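Chain residues, written in single-letter form:
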Amino acid sequence: MSGPSERMLELLSLLQTGRAWPGAELAARLDTSPRTLRRDVERLRAMGYPVSSAPGPGGSYQLVAGRAMPPLLFTDEEAVATVVGLRFAALAQVTGETGAAEGALRKLEQVLPPRLRYRMAAIQASTETAMRRAATVDLAVLHTLGTAAYAHQDVRFAYTSRAGERSERRVEPYRQVLLGRRWYLLGWDLDRRDWRTFRLDRITGLTVPGTGFTPRELPPDGAASFVQASALVPLSRHQGVVRFQAPVEVVSERLMADAGSLEPLDEHSCRYVTGVDSWEWLSITLAMVGVPYTVESPPELIEHTRELAVRIAAAVPPSSR
C-alpha cells in the first residue's frame, strides 16, 4: 500500500478524469480498503473538492462541479499541453483586466518540475510561429458573446466598420470564429435581416438586454467558411488578386497569408484572392512565396508591389549586381 500522500494524489488524479468510479474498483486501483477509501474521500471534501457518492453495494464516487475551482492535478502530458495552449492563447491576444492567459501561464511555469521545464524549453526553442500579432480582444467580450450565444439571447453593441463608420447593431449571436489573427462573431443582424460577420476588436458597448431568440439554421457551408468568405474578402476594392506561375500544391505549402481562396487555373498556375488590412504587408507576403507571380488587381497592391521591388533592387550594392 502506498503512503497517504501518494494515495491521495492518485485518488485525485483518478477522480479528475470526470467518470463515476465504483467504490470497489477505485479501492482496487489504489490498493486500499473501502474504509480507507471513504476516509480519503472525506479528506478531499474537507480540502474543497466536491466529491459526490452513491451509497449501496454498487456505490460510486465522482468529482462534480462546485462553487469554486479547487487545485487541479495534471499528468506530465496534460501539464505540457496546457502550457502550450496558454502560449497560443497569449499569442492570439485574448486579454482581460488581469491578463488571464499570461497570469495562468506564469503560475504553471513556476511550479513545473525540472523534467517538464526541460521539455517546455525544448518545445519553445524548436518552435516558431508565422502569425503576426493580433488585435487585442477583451476576454470579457468573448465570454459575454459566448454566454449569449449558448443561451440564445440577443446582444446590442456599437460597431465600427472597416471604413470607420460607426453604427448600433441588434444581433442574434451564433458562433465566435478565430480566423488567422483575428476573432469574429457570426450573427443574424435583426435590422438588416441577414447574416453578418463582426470583428470582435471593433465591438464596443456590448450589452445583453435579456431578450431571447429561436435559433436559425447556420449558413450552408458552416460558420468558419461564412466568416472567411465575408470577413476577409468583404468588398472588391479590398481584394488582392494574384496569379502564381506554379501549381496550386506548391503555392499552398509556401503561402504564409492568414486566409483567402486559392484555386488552380491549370496544372502549372493558380489564382489567389484575399482580403487584407495592409497592402504593404500583402506585397511582402507574396514575394516570400518564392515563385513567379503577377499582381492582377487592385491598383493599390500593384503600386505597393512596384515600390517594394524598387526598395529591394536599391538594397543590393552595385558591385553585387
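It should be noted that the structure appears before, not after, this text.
Residues numbered from 1 in each chain as written. Predicted model: local features only at pLDDT ≥ 70, side-chain atom pairs only at ≥ 80, totals over all residues. Heavy atoms only, no water.

Caption draft 1: Spatial organisation of helix α10 (residues 279–287). Where α10 is concerned, the buried positions are W279, W281, L282, S283, T285 and L286. For α10, the secondary structure elements touched by its buried residues are β11 (239–244), β13 (269–275), β14 (293–297) and α11 (299–315). (Buried < 20%, exposed > 50% of the residue type's maximum accessible area, 1.4 Å probe, protein only. Helix = DSSP H or I, 4+ residues; strand = E, 2+ residues; numbered from the N terminus. Contact = heavy atoms within 4.5 Å.)

Caption draft 2: Molecular detail of the sheet that holds strand β9 (residues 194–199). The five strands lie next to each other as β9-β8-β7-β6-β10, forming an open sheet whose pairing is antiparallel. Edge strands, defined here as strands with exactly one partner in the open sheet, are β9 and β10 (203–207). Looking at each pair of strands side by side, their axes are set apart by 45° on average, direction ignored. Where strand β7 (residues 166–179) meets strand β8 (residues 182–189), eight bridges bridge the pair, whose relative direction is antiparallel. (Pairing = 2+ DSSP bridges. Axes fitted to C-alpha atoms, helices over the stretch in contact; angles between N-to-C directions.)

Caption draft 3: Main features of the environment of R306. Residue placement: R306 occurs in helix α11. Along the chain, R306 and S283 lie 23 residues apart, while their C-alpha atoms are 9.0 Å from each other.

Caption draft 4: Spatial organisation of the pattern of salt bridges. One pass over the structure, following the stated rule, counts 13 salt bridges. R192 is paired through a salt bridge with D189; the nearest N and O atoms lie 3.2 Å apart. By relative accessible area, which is 36% here, R192 ends up partly exposed. Exposure remark for D189: the relative accessible area of 0% places this residue in the buried category. Where salt bridges share partners, they join R7, D40 and R43 into one cluster. (Salt bridge = Lys/Arg side-chain N within 4 Å of Asp/Glu carboxyl O.)

Caption draft 5: Expanded view of unusual backbone geometry. With omega at 0°, the peptide bond leading from S297 into P298 counts as cis. Structurally, P298 is set in the loop between β14 and α11. Phi is positive for D31, which is not a glycine, with a value near 55°. Relative to the assigned elements, D31 resides in the loop between α2 (23–30) and α3 (34–46). Look at D31 and you get exposed, because its relative accessible area is 51%.

Caption draft 6: The arrangement of α3 in detail. Here α3 is 13 residues long and its end C-alpha atoms lie 19 Å apart, about the 18 Å a rise of 1.5 Å per residue gives. Where α3 is concerned, the buried positions are T36, L37, D40, V41 and L44. Buried residues along α3 cover an arc of 140° about the axis, so they all sit on one side. For α3, the exposed residues lying more than 90 degrees away from the buried face are R35 and A46. Check the buried side of α3 and you find it contacts α1 (4–15), α2, β2 (51–54) and β3 (60–63). After α3 finishes, the residue G48 shows a positive phi value of roughly 105°. (Expected span 1.5 Å × (residues − 1). Arc of directions from axis to C-beta.)

Caption draft 7: Representation of the sheet that holds β3. Strand order in the open sheet made by the three strands is β1-β3-β2, with antiparallel pairing throughout. Of all the strands in the sheet, the pair left with one neighbour each is β1 (21–22) and β2. Along the sheet, α1 makes contact with β1, β2 and β3, crossing β3 at roughly 80°. Across the sheet, α3 is in contact with β2 and β3; its angle to β2 comes to roughly 145°.

Caption draft 8: Summary view of the pairing of strand β12 (residues 261–266). Two elements, β12 and β13, share five bridges in a ladder whose sense is antiparallel. In the strand pairing of β13, L262 is matched with Y272. In this antiparallel pair of consecutive strands, β12 and β13, the connection spans two residues.

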